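Breakdown of the fold
Listed below, chain by chain, are the residues.
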Amino acid sequence: MNTKSFIRASLLTIFFICQVGKNNCATAQTGLKDVTDNKFLIGAALNMSQVSERDNKTIELIRRHFNAITPENCMKCSFIHPEENRYDFTDTDKFVEFGEKYGLEIIGHCLIWHSQLAPWFCVDDKGADVSPETLKARMKKHISTIVGRYKGRVKGWDVVNEAILEDGSYRESKFFKILGEDFIPLAFQYAHEADPEAELYYNDYGMDNPGRRNAVVRLVQKLKSQGIRIDAVGMQGHMGMDYPKISDFEASMLAFASTGVKVMITEWDMSALPTVSQSANISETQDYQKALNPYPDGLPESISKKWNERMRSFFELFIKHADIIERVTTWGVTDGNSWKNNFPVSGRTDYPLLFDRNYQPKPFVKALLGNERHQN
């Protein structure tokens, strides 16, 4: 072999070795966001402890697997606007800065919601309901101030959250009692005026229910007929081992998409524990407590297998309809920081998220990543 041929062969060998090393490294670092690349965003809801970056393992999971974030609480009215003439942007500024630091799409949650509403918002100094004009002015100032502060930095906003009941009627919130159905179009109008480029969403739970499904379809059609911007419907994904039916969930996805908006799966988690009604009379007896918290030390293999199979079925549904889905967001990162723990009774241990308490992906996630031996 002459000198030129030897050099050429050596360079090709070095290039091949480098490429193999690069590919192996890429495989080891594959995240969920790579699995869903060019399909939809994969997001997570974060609390302020996570945003503070005190837990490096959680930060590693966020950076590897997610490309969008939603705040669990800091943008809700009681936190960000606790008094009429006082806003507290301390946590929200940190949240937005965190997203920008790591190149994540930032979702605002939420502007108008009957729950976690600052007590002053809908009443006067005597505790009586304010007039329609006063509430409109307060809504506009609240929305304009918050959306305006993060104009161009937040991809989209959950403008109105949980306004419709299962039978399709409107929730009897203060907003509805004072303004009627108009409070929703007004909220979307104010948000659009504050940031014309931001996406705007309606978000609700139990969206597999036909009554709520049909009412939300009518709501979207009404907003569009009035020339009011709405970009997507958020379907909260708080699920259990026995609800919702995949076919019902899929029917709602298709119904919302038929109106011309995108679909987002928001607040996705799946309890592995027996379903307990929030209205149930929670007994303090030892036997009942044990029934409510059956797996304090870990899931039995049989339950874990069923949970993973069901979660994978839903994920496959999302992939199947990737053409209409804009984002899938889990409500938390690991089992240890899920709101499902201690709910509805203190001490309850649940396993609802994609990563366990040791920061490891659940089996169905490992399969999606194509690496059954995936380690952090």
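In what follows, the accompanying structure is described. (Residues numbered from 1 in each chain as written. Predicted model: local features only at pLDDT ≥ 70, side-chain atom pairs only at ≥ 80, totals over all residues. Heavy atoms only, no water.)

A few words now on the nonpolar core. Formed by 104 residues in total, the largest nonpolar core has its most connected members in Met139, Trp157, Val160, Phe183, Phe188, Trp268 and Phe318. The biggest single contributor to this core is helix 9 (residues 183–194), with 8 residues. Residues contacting Phe188, with those up to four places away along its chain left out, are Val159, Val160, Leu200, Tyr201, Tyr202, Leu223, Ile228, Arg229 and Ile230. (Core = buried A, V, L, I, M, F, W, Y, C linked by side-chain atoms within 4.5 Å. Buried < 20%, exposed > 50% of the residue type's maximum accessible area, 1.4 Å probe, protein only. Helix = DSSP H or I, 4+ residues; strand = E, 2+ residues; numbered from the N terminus. Contact = heavy atoms within 4.5 Å.)

Time to look at the sheet that holds strand 5 (residues 199–204). Pairing in this closed barrel of 8 strands is parallel, and the strands run 1-2-3-4-5-6-7-8 around the ring. Across this sheet, the average inter-strand angle for adjacent strands is 25°, counted without regard to direction. Each of strand 3 (105–113) and strand 4 (156–161) is contacted by helix 7 (residues 132–149), which is oriented at about 170° to strand 3, the strand it contacts most. (Pairing = 2+ DSSP bridges. Axes fitted to C-alpha atoms, helices over the stretch in contact; angles between N-to-C directions.)

Looking now at helix 11 (residues 246–257). Counted at 1.5 Å a residue, the expected span for helix 11 with its 12 residues is 16 Å, and the 17 Å between its end C-alpha atoms agrees. Among the residues of helix 11, Phe249, Glu250, Ser252, Met253, Ala255, Phe256 and Ala257 are the ones counted as buried. (Expected span 1.5 Å × (residues − 1).)

Glancing now at the packing of helix 10 (residues 210–225) against helix 11. Between helix 10 and helix 11, the shortest axis-to-axis distance is 10 Å and the interhelical angle comes to 10°. One element, helix 10, and the other, helix 11, form an angle in the roughly parallel class. Counted together, Arg213, Val216 and Val217 of helix 10 and Asp248, Ala251, Ser252, Ala255 and Phe256 of helix 11 form the full contact between these two elements. In the contact of helix 10 with helix 11, the residues fall into 5 nonpolar, 1 polar and 2 charged. (Parallel < 35°, antiparallel > 145°, perpendicular 65-115°, else oblique. Nonpolar A, V, L, I, M, F, W, Y, C, P; charged D, E, K, R; others polar.)

Using a probe with the size of a water molecule, rolled over the atoms, empty space left in the structure can be pinpointed. Within the structure shown, the criterion is met by 3 cavities of 30 Å³ or more. In this structure, the largest cavity encloses a volume near 60 Å³. As for the largest cavity, its lining consists of Ile112, Trp113, His114, Val160, Asn161, Glu162, Ala163, Arg171, Ser173, Phe175 and Phe183. Breaking the lining of the largest cavity down by element, the ones donating at least two residues are strand 3 and strand 4. Computed from the structure, the second largest cavity encloses a volume of approximately 40 Å³. What lines the second largest cavity is simply Thr70, Ile107, His109, Asp158, Asn203, Thr266, Glu267, Arg327, Thr329 and Trp331. Counting residues per element, the ones that place at least two in the lining of the second largest cavity are strand 3, strand 7 (262–270) and strand 8 (325–330). Split into classes, the residues belonging to the lining of the second largest cavity amount to 2 nonpolar, 5 polar and 3 charged. (1 Å grid on protein atoms, 1.4 Å probe; cavity = no way out; pocket = protein on both sides within 12 Å on 5 of 7 lines; lining within 4 Å. Points joined across faces, edges and corners; volume = space filled by probe spheres on them.)

Quick look at the packing of aromatic side chains now. For any pair of aromatic rings, the description rests on two quantities: the centre-to-centre distance and the angle between the ring planes. Here the structure, examined in full by the defined rule, presents 15 aromatic pairs. Here the aromatic rings of Phe40 and Phe315 are separated by 6.3 Å at their centres, their planes lie at 70°, and the arrangement is edge-to-face. One end of the pair, Phe40, is in the loop between helix 2 (32–35) and strand 1 (41–46); the other, Phe315, is in helix 13 (residues 301–320), with 275 residues separating them in the sequence. One exposure class covers both Phe40 and Phe315, and it is buried. Between Trp268 and Phe318, the ring centres sit 5.2 Å apart and the planes meet at 75°, which makes this aromatic pair edge-to-face. Taken together, the residues span a long stretch of sequence, with Trp268 in strand 7 and Phe318 in helix 13 at a distance of 50 residues. You can call Trp268 buried: its relative accessible area is 1%. Look at Phe318 and you get buried, because its relative accessible area is 0%. The rings of Trp120, Phe121, Phe175 and Phe183 are connected pair by pair, giving a single aromatic cluster. (Phe/Tyr/Trp six-rings, centres within 6.5 Å; stacked < 30°, edge-to-face > 60°.)

Attention now moves to the layout of surface pockets. Its volume calculated, the second largest pocket comes out at about 190 Å³. Lining the second largest pocket are 14 residues, and of these Ser304, Asp335, Asp356, Lys362 and Pro363 sit closest to its centre. Elements represented by at least two residues in the lining of the second largest pocket include exactly helix 13 and helix 14 (363–369). In terms of residue count, the dominant contributor to the lining of the second largest pocket is helix 13 (3 residues). Its residues assigned to classes, the lining of the second largest pocket shows 5 nonpolar, 4 polar and 5 charged.

This brings us to the packing of helix 11 against helix 13. At a closest axis distance of 11 Å, the pairing of helix 11 and helix 13 adopts a crossing angle of 25°. On the basis of the axis angle, helix 11 is roughly parallel to helix 13. Judged by the sense of rotation from one axis to the other, the crossing of helix 11 with helix 13 is right-handed. Taking contact as the criterion, the partners of Ile246, Phe249, Glu250 and Met253 in helix 11 are, on helix 13, Ser313, Phe314, Leu317, Phe318 and Lys320. Broken down by class, the residue content of the contact of helix 11 with helix 13 amounts to 6 nonpolar, 1 polar and 2 charged. (Left-handed = near helix turned anticlockwise from the far one by under 90°.)

Okay, the pattern of salt bridges next. Considering all chains together, one arrives at 14 salt bridges under this definition. A salt bridge links Lys222 to Glu181; its shortest N-O distance comes to 3.2 Å. One end of the pair, Lys222, is in helix 10; the other, Glu181, is in the loop between helix 8 (174–179) and helix 9, and 41 residues separate them in sequence. Residue Lys320 pairs with Glu250 through a salt bridge whose shortest N-O separation is 2.9 Å. With Lys320 in helix 13 and Glu250 in helix 11, this residue pair connects regions lying 70 residues apart in the sequence. Overall, the relative accessible area of 17% leaves Glu250 in the buried class. (Salt bridge = Lys/Arg side-chain N within 4 Å of Asp/Glu carboxyl O.)

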